[in-house]
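Understanding the architecture of this molecule
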Amino acid sequence: MRKKITVESDMALLYERMQREGLKFTAPRERIARWIFSNHGHFTVDDIIEDFRKNGEKISPATTYRVVQMLLELSLLIEHNFGKETKYYEHTPGHPVHDHMICTECGTIEEFSDAGLMEELNRVAEEKKFTMVKHSLSVYGLCKNCRNKKKPV
Ligand SMILES: [Zn+2]
Ligand SMILES: [Zn+2]
Ligand SMILES: [Zn+2]
């Protein structure tokens, strides 16, 4: 049976990986990591800082960046460039590998996963004698809503 993914199980995974790397857990690091594992969508570093501020909690932007960087290195977070200057992140535990379709009109981000596409990527990597660790694919265009709006009446 698959283990249930909770913020606690994500934190346990983080403890384990930090310990392996000899990294120290501090209270601010823990608070930021908890925020990240509690938010299941796509977010920016500013979103984290802003959210803490809204709750009247002070958080250092430098620490926030460092935690994000650490989680990236520990493969618990994935970075996306959704065609904007800001980088977007999402945690990986509990979320199957997926790609994104981004609407250039309204900014909606839709997730999709396609087994055939993954097979193709694996095949290409194999052909190039390349070991794929992760991938990030963003498809840009018009979402269903925006496409309908653009149709002449
Ligand atoms: Zn999640
Ligand atoms: Zn749209
Ligand atoms: Zn996503």
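By convention here, each chain's residues receive numbers from 1 onward along its written sequence. To read the labels, note that chains go from A and ligands from 1, taken in the order they are written. Only residues with pLDDT of 70 or above have their local features reported here, since the model is predicted, and side-chain atom pairs are shown and tallied only from 80 upward, although totals for entire chains, interfaces and linings are computed over all residues.

Moving on: the domain arrangement of the protein chain. It is common to give the size of an interface as the accessible area that goes away when the parts come together. How far each domain reaches was decided by an automatic or database domain assignment. Looking at the protein chain, the domain boundaries give domain 1 (1-94) and domain 2 (96-153). Domain 1 and domain 2 are separated by 24 Å when their C-alpha centres are compared. Any pair of residues counts as being in contact when their C-beta atoms, constructed from backbone geometry, are within 7 Å of one another. Contact with domain 1, which involves five residues of that partner, is made by seven residues of domain 2. All amino acids are sorted into three groups, where Ala, Val, Leu, Ile, Met, Phe, Trp, Tyr, Cys and Pro are nonpolar, Asp, Glu, Lys and Arg are charged, and the leftover types, Gly among them, are polar. Its residues placed into classes, the side of domain 1 that touches domain 2 shows two nonpolar, three polar and no charged.

Attention now goes to the packing of helix α3 (residues 45-54) against helix α4 (residues 61-73). Packing of α3 against α4 brings their axes to within 10 Å, and their N-to-C directions diverge by 130°. Judged by the angle between their axes, α3 and α4 are oblique. For the element pair α3 and α4, the recorded crossing hand is right-handed. Counted together, Val45, Ile48 and Ile49 of α3 and Pro61, Thr64, Tyr65 and Val68 of α4 form the full contact between these two elements. Its residues placed into classes, the contact of α3 with α4 shows six nonpolar, one polar and no charged. To obtain an axis, a line is fitted to C-alpha atoms, over the contacting stretch when the element is a helix, and the angle between two such axes runs from 0 to 180 degrees between their N-to-C directions. Starting at the N terminus, helices and strands are each numbered in turn, a helix being any DSSP run of H or I of at least four residues and a strand any DSSP run of E of at least two. Oblique is the label for every angle not falling under 35 degrees (roughly parallel), over 145 degrees (roughly antiparallel), or within 65 to 115 degrees (roughly perpendicular). By definition, turning the near helix anticlockwise from the far helix through less than a right angle yields a left-handed crossing, and turning it clockwise yields a right-handed one.

This brings us to the nonpolar core. What we call a nonpolar core is a set of buried Ala, Val, Leu, Ile, Met, Phe, Trp, Tyr and Cys residues whose membership is set by joining through C-beta atoms within 7 Å. Our exposure labels follow a C-beta count within 10 Å of each residue's own C-beta, placed from the backbone: buried means 20 or more other C-beta atoms, exposed means 12 or fewer, and partly exposed covers the counts in between. Formed by Leu14, Ile32, Ala33, Trp35, Ile36, Phe37, Ile48, Val67, Val68, Leu71, Leu77 and Tyr89, the largest nonpolar core amounts to twelve residues. Put simply, the parts of the chain that give this core at least two residues each are α2 (27-38) and α4. The element that contributes the greatest number of residues to this core is α2, accounting for five residues. Those residues within four positions of Val68 in sequence are excluded, and the remaining contacts are Val45, Leu77 and Tyr89.

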